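# Survey of secondary and tertiary structure
The residues making up each chain are set out below.
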Amino acid sequence: MPHASLLMPLQVLYRHRQLIAALTSRDLKARYRGSILGFFWSLANPLLLLGVYTLVFTLFFPSKQVQPYPLFLFTGILPWTFFAAAVLESTTSVISNAGLIKKVMFPAEALPLVVVTSHLVHFVLALPILLLAAIAFAIHGDITLHATIALFPFVMILQTCFVAGLAMMVASASVLFRDLRDILTNLIQLGFFITPILYQIDTIGSRPLRALLRLNPMTPFVVTYQDLLFFGHLPGLADTLLMIAYAFASLSVGFVVFERLRDVLAEAI
Amino acid sequence: MSFAISVDHVDKSYRLWGRRSQFATLKSALLKRDLKLAPDASVPALRDVTFAVDKGEAFGIIGRNGSGKSTLLKIITGILKPTSGRVTVVGRVAALIELGAGFHPEITGRENVYINGIMLGLSRREIEQRFDKIVDFSGIRDFIDQPVKTYSSGMYVRLGFAVAVHVDPDVLLIDEVLSVGDEEFSAKCVAKIQEMKYRGVTLVFVTHQLDQVRNLCDRALWLDHGAAVEIGDPTRVVDAYLQRVAGTQVSTVTTSDESAGERAGDPPDKEKDPMEEERWGSGEVILRRVAITDPEGRDLVALGAGSPVTIDLDVEVRVPQTDFVFGIGIYHADGTCVYGTNTDLEGLLPDALQSDGRVRFVMPSLDLIAGSYRVDAAVHTRNGRAFDYRRGCIRFVVGSRIHDIGVYRPQHDWKFDGGITFRAVDNLKRNVPAPIAEYIRSAEEKPKRRK
């Protein structure tokens, strides 16, 4: 059994690129098959979400936080949704494809990666909406757009690595430890509130609480997206280093865990 | 010949899963990297199985439910890892363990063909090249753009099989899937598999359809409780299995008459000449002597094409029977079955096999082309359990000056009308009498008697 190295995930990804691409497009097609709007939902969903936030936080609870609050919220919530949905869905990715694992010589690692790619596609499809919203607010004079927005893809690559590693971990571990899904559902709900999506980290008064928020691995990612688009400045050095560290740590641990559990998967499902 | 699959001392144990053991497995897999199982926490599925399958060979695996057949197939495929031992497979493997595994119900047949093909190791371009062949084979072109959830189970399986056989594997593993589909499609599957065999694809079947093992396989393996009981000639292995199922002990048949050549029931021997007689059965009824004779009752070893021939079976009844079938098979030296029949196939209903007697299979004219042939003779029950099965018990040679080809020479004549004429008939090229055939035979036969 070859030892997991940092290159291995990329090798696997390359070797099974056609399979992962085909399965991702199958997932996306199957998701919208039979619905009238079809693929348009991928655009409509974030648009409607933005509408709801704008409505709620301008009419019902006018926020005293950063302005324009809906755009701030939207910037943080998209990458969070990508993370949360991909990780949660990965818990069942291997289990629900038991037929493939047991009956076909199938690279099991492709399954969580397919979940990650299909959620990444959703994330990418929502970006034009985010950009249009930012332009609209900029024209209105609420914010000014900066070239820093061009750094988005780099953050997205790092976040995808981070999410992929976690996805591999939970996909394989949940086969043997099925409670993982329920534990994660609740943890992720908690995570939403201890990630600076609804608020800015500096507005938290208590110092230990701020330290806790800093420990949350999703914090640097969300903060960086906000920096690049909303505030229009470069990410801090600490956040950048943290993102890189989390991305690589997650990928390597994810692959090691998956490698170790691989041999039991076909039997344990 | 080089091997395509080598299974070397393979053991497989399945863990017994309990509420806690899953979590324990997770912990030990992650922390200790140690997946050794305590004996009380595991069930053995395969014990020390060793065999090799040659390239281009068709290999059957039989055994009752739970004997480890599917586990073995999954280990060869690579889906499961052996607990100990080694498995080596050379070339591209395709496994038909479950047809259409991985089809997604919501998307169309067309899209599923692509995804299934990629899963089986084809590239997108390779699938494009084969797409029409796949769809034609499946016979569901009208529905290929419908979502798979609207398919009947038969259509589902047809499409799954069509994709799998068009992967062009070097090794094809088939688990009990030939029994699916209607008659027409089953026949198509068997024909396709024979075509693949002809092209040199190595085939491994797991099946309960023993006829398929007899007809399609070159060798067979009988697994019982995870251990290999017999490996070898498929008819012999299937028969040994049937004997066990029938509850009778397989015993060595001994004959009082040695004229047929060797003693029967010798253990299978790897170095054995393929033309040597193989013999097995329960011994309740014995074919004491099998001979090929002319109408006057004289033994023949060489004959001219089109001679009248009789195959005599001298039957010794040790235990009287009411369920019995006599069978004859004639094979060319290259193994091709020229003709096979038995009393059951021809509608003879057995009444009583009380005491010794003689069975005569009379052929007014044996219309074969020149070559060496062997005869199988058997007496068995109607479900195939052998009392005495003698494979290759006699050999004979047909001599002929005519170098026609094939195996069968229909009685025929050439007629010419109009402006088509031939000068004369070269009589030297007509059938040769027995003495000349005998000369040809002695020239062809190599010295190879074991004893």
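Residues numbered from 1 in each chain as written. Chains lettered and ligands numbered in written order. Predicted model: local features only at pLDDT ≥ 70, side-chain atom pairs only at ≥ 80, totals over all residues.

### A word on the overall build of chain A
Regarding its fold elements, chain A presents 11 helices and 0 strands. Taken from N to C terminus, the helices and strands of chain A fall in the order α-α-α-α-α-α-α-α-α-α-α. Expressed as a percentage of the 269 residues in chain A, the buried residues total 41%. In chain A, the proportion of contacts linking residues at least 24 apart, taken out of those at least 6 apart, comes to 78%. (Helix = DSSP H or I, 4+ residues; strand = E, 2+ residues; numbered from the N terminus. Buried ≥ 20, exposed ≤ 12 C-beta atoms within 10 Å, placed from the backbone. Contact = placed C-beta atoms within 7 Å.)

### A look at the overall build of chain B
Looking only at helices and strands, chain B features 9 helices and 18 strands. Burial status across chain B gives 40% buried among its 451 residues. Looking at chain B alone, contacts between residues at least 24 apart form 76% of all its contacts between residues at least 6 apart.

### Quick notes on the sheet that holds strand β13 (residues 309–317) of chain B
Residue and element names in this part refer to chain B. Reading across from one edge, β11-β13-β16 is the order of the 3 strands in this open sheet, with antiparallel pairing throughout. The open sheet has two free edges, formed respectively by β11 (285–293) and β16 (357–363), since each of these has just one partner strand. This sheet shows a mean twist of 20° between the axes of neighbouring strands, independent of strand direction. Inspection of the sheet shows β11 paired to β13 by 8 bridges, in the antiparallel sense. Bridged to valine 290 within β13 is leucine 313. (Pairing = 2+ DSSP bridges. Axes fitted to C-alpha atoms, helices over the stretch in contact; angles between N-to-C directions.)

### A short note on the sheet that holds strand β1 (residues 3–15) of chain B
All names here are of chain B. In spatial order, the strands read β2-β1-β4; together these 3 strands make up an open sheet with antiparallel pairing. Single-partner strands in this sheet number two, and they are β2 (42–54) and β4 (84–89). Each strand axis lies, on average, 20° off the axis of its neighbour in the sheet, ignoring direction. Pairing of β1 with β2, which is carried by 9 bridges, proceeds in the antiparallel orientation. For valine 7, the partnering residue across the bridge sits in β2 and is phenylalanine 51. Strands in contact with helix α2 (residues 69–77) are β1, β2 and β4; relative to β1, the strand with the most contacts, it is inclined by about 120°.

### Thoughts on the interface of chain B and chain A
Between chain B and chain A, the residue contacts involve 32 residues of the former and 26 residues of the latter. Those elements that provide at least two residues to the side of chain B that touches chain A are β1, α1 (21–32), β5 (93–96) and α3 (109–119) of chain B. Counting residues per element, the side of chain B that touches chain A draws most heavily on α1 of chain B, which supplies 6 residues. Residues that form the side of chain B that touches chain A fall into these classes: 18 nonpolar, 7 polar and 7 charged. (Nonpolar A, V, L, I, M, F, W, Y, C, P; charged D, E, K, R; others polar.)

### Section: the packing of helix α4 (residues 124–138) of chain B against helix α5 (residues 153–165) of chain B
All names here are of chain B. Running from N to C, α4 and α5 point in directions that differ by 140°, and their axes come no closer than 8 Å. Taken together, the axis directions place α4 and α5 in an arrangement best described as oblique. Crossing geometry of α4 relative to α5 is assigned as right-handed. The residues of α5 that touch α4, namely those facing Ile134, Phe137 and Ser138, are Arg158, Leu159, Ala162 and Val163. Residue composition of the contact of α4 with α5, grouped by class: 5 nonpolar, 1 polar and 1 charged. (Parallel < 35°, antiparallel > 145°, perpendicular 65-115°, else oblique. Left-handed = near helix turned anticlockwise from the far one by under 90°.)

### A word on the pairing of strand β17 (residues 371–380) of chain B
Two faces belong to every sheet, and in a regular strand the side chains alternate between them. All names here are of chain B. Extensive coverage of β17 is indicated by the burial of 9 of its 10 residues. When strand β14 (residues 325–332) meets β17, the two strands line up antiparallel, connected through 8 bridges. Paired with tyrosine 331 across the two strands is arginine 374, which belongs to β17. Here 9 bridges tie β17 to strand β18 (residues 386–399), and the two strands are oriented antiparallel to one another. The residue of β18 that forms the bridge with arginine 374 is arginine 395. Counting the residues that bridge the hairpin from β17 to β18 gives 5 residues, and of these glycine 384 lies at a positive phi of roughly 100°.

### With respect to unusual backbone geometry
Excluding glycine, residues mostly have negative phi values, and the peptide bonds linking residues are mostly trans. All names here are of chain B. Positioned with a positive phi, aspartate 48 is a non-glycine residue whose angle comes to about 45°. Its place among the elements puts aspartate 48 in strand β2. Since 14 C-beta atoms lie within 10 Å of it, aspartate 48 is described here as partly exposed. The residue aspartate 168 is not glycine, and still its phi comes out positive at about 55°. Mapped onto the elements, aspartate 168 comes out in the loop between α5 and β6 (171–175). A tally of 15 C-beta atoms within 10 Å means that aspartate 168 is categorised as partly exposed.

### Examining helix α7 (residues 152–176) of chain A
For α7 of chain A, with 25 residues, the first-to-last C-alpha span of 37 Å sits near the 36 Å given by 1.5 Å per residue. Counting buried positions along α7 of chain A gives 20 out of 25 residues, so the element sits mostly inside the fold. (Expected span 1.5 Å × (residues − 1).)

### Description of the nonpolar core
General note: in soluble globular proteins, nonpolar side chains tend to be found buried as a group. Grouped together as the largest cluster of nonpolar side chains are 184 residues, with contacts concentrated most on Val163 and Ala167 of chain A together with Leu173 and Val204 of chain B. Among the elements that make up this core, the one with the highest residue count is α7 of chain A (15 residues). Residue-level mapping places this core at the junction of two domains, with at least three residues from each of domain 1 (3–18 + 42–232) and domain 2 (253–260 + 277–451) of chain B. In this view, valine 163 of chain A contacts Phe82, Phe83, Ala86, Val87 and Val116 of chain A; residues no more than four positions away in its chain are not counted. (Core = buried A, V, L, I, M, F, W, Y, C linked by C-beta atoms within 7 Å. Domains from an automatic or database assignment.)

### Section: the pairing of β14 of chain B
Residue and element names in this part refer to chain B. Pairing analysis gives 5 bridges linking β14 to strand β15 (residues 337–342), with the strands arranged antiparallel. When the sheet's bridge partners are listed, glycine 329 is paired in β15 with glycine 340. From the end of β14 to the start of β15, which pair antiparallel, there are 4 residues, and glycine 335 there has a positive phi angle of about 100°.

### Describing the confidence of the model for chain B
All names here are of chain B. Looking at chain B, the pLDDT average stands at 80 and 80% of residues meet or exceed 70. Contacts of residues 248–275 to residues separated by more than four positions or lying in other chains number 39 contacts, the stretch itself having pLDDT below 50. Note that residues 446–451 has pLDDT below 50 and, in this model, 4 contacts with residues that lie over four places away or in other chains. Predicted complex metrics record ipTM = 0.75 and pTM = 0.69. (pLDDT = per-residue confidence, 0-100.)

### Describing the environment of aspartate 145 of chain B
Residue and element names in this part refer to chain B. Here aspartate 145 is to be found in the loop between α4 and α5. Taking the C-beta count within 10 Å as the criterion, aspartate 145 has 10 such neighbours and is therefore assigned exposed. With 38 residues separating them along the chain, aspartate 145 and isoleucine 107 place their C-alpha atoms 8.7 Å apart. With residues near it in sequence (within four places) discarded, aspartate 145 still touches Thr108, Gly109 and Arg110.

### Focus on the environment of alanine 167 of chain A
Residue and element names in this part refer to chain A. Considering the arrangement of structural elements, one finds alanine 167 in helix α7. Judged by the 30 C-beta atoms lying within 10 Å of it, alanine 167 falls in the buried class. Those residues in contact with alanine 167, other than ones at most four positions away along the chain, are Ala86, Val87, Ser90, Pro112, Val115 and Val116.

### Examining helix α6 (residues 110–140) of chain A
Counted at 1.5 Å a residue, the expected span for α6 of chain A with its 31 residues is 45 Å, and the 45 Å between its end C-alpha atoms agrees. Of all the bends in α6 of chain A, the largest measures some 25° and sits at alanine 126 of chain A, one to four residues before the proline proline 128 of chain A. (Bend = angle between axes of the 7 residues up to and from the residue.)

### Focus on the packing of α7 of chain A against helix α10 (residues 218–231) of chain A
Residue and element names in this part refer to chain A. Axis separation between α7 and α10 bottoms out at 10 Å; the angle between their running directions is 170°. When the axes of α7 and α10 are compared, the pair comes out roughly antiparallel. Facing Phe152, Val155 and Gln159 of α7, the residues of α10 in contact are Phe221, Thr224, Tyr225 and Leu228. When its residues are assigned to classes, the contact of α7 with α10 shows 5 nonpolar, 2 polar and no charged.

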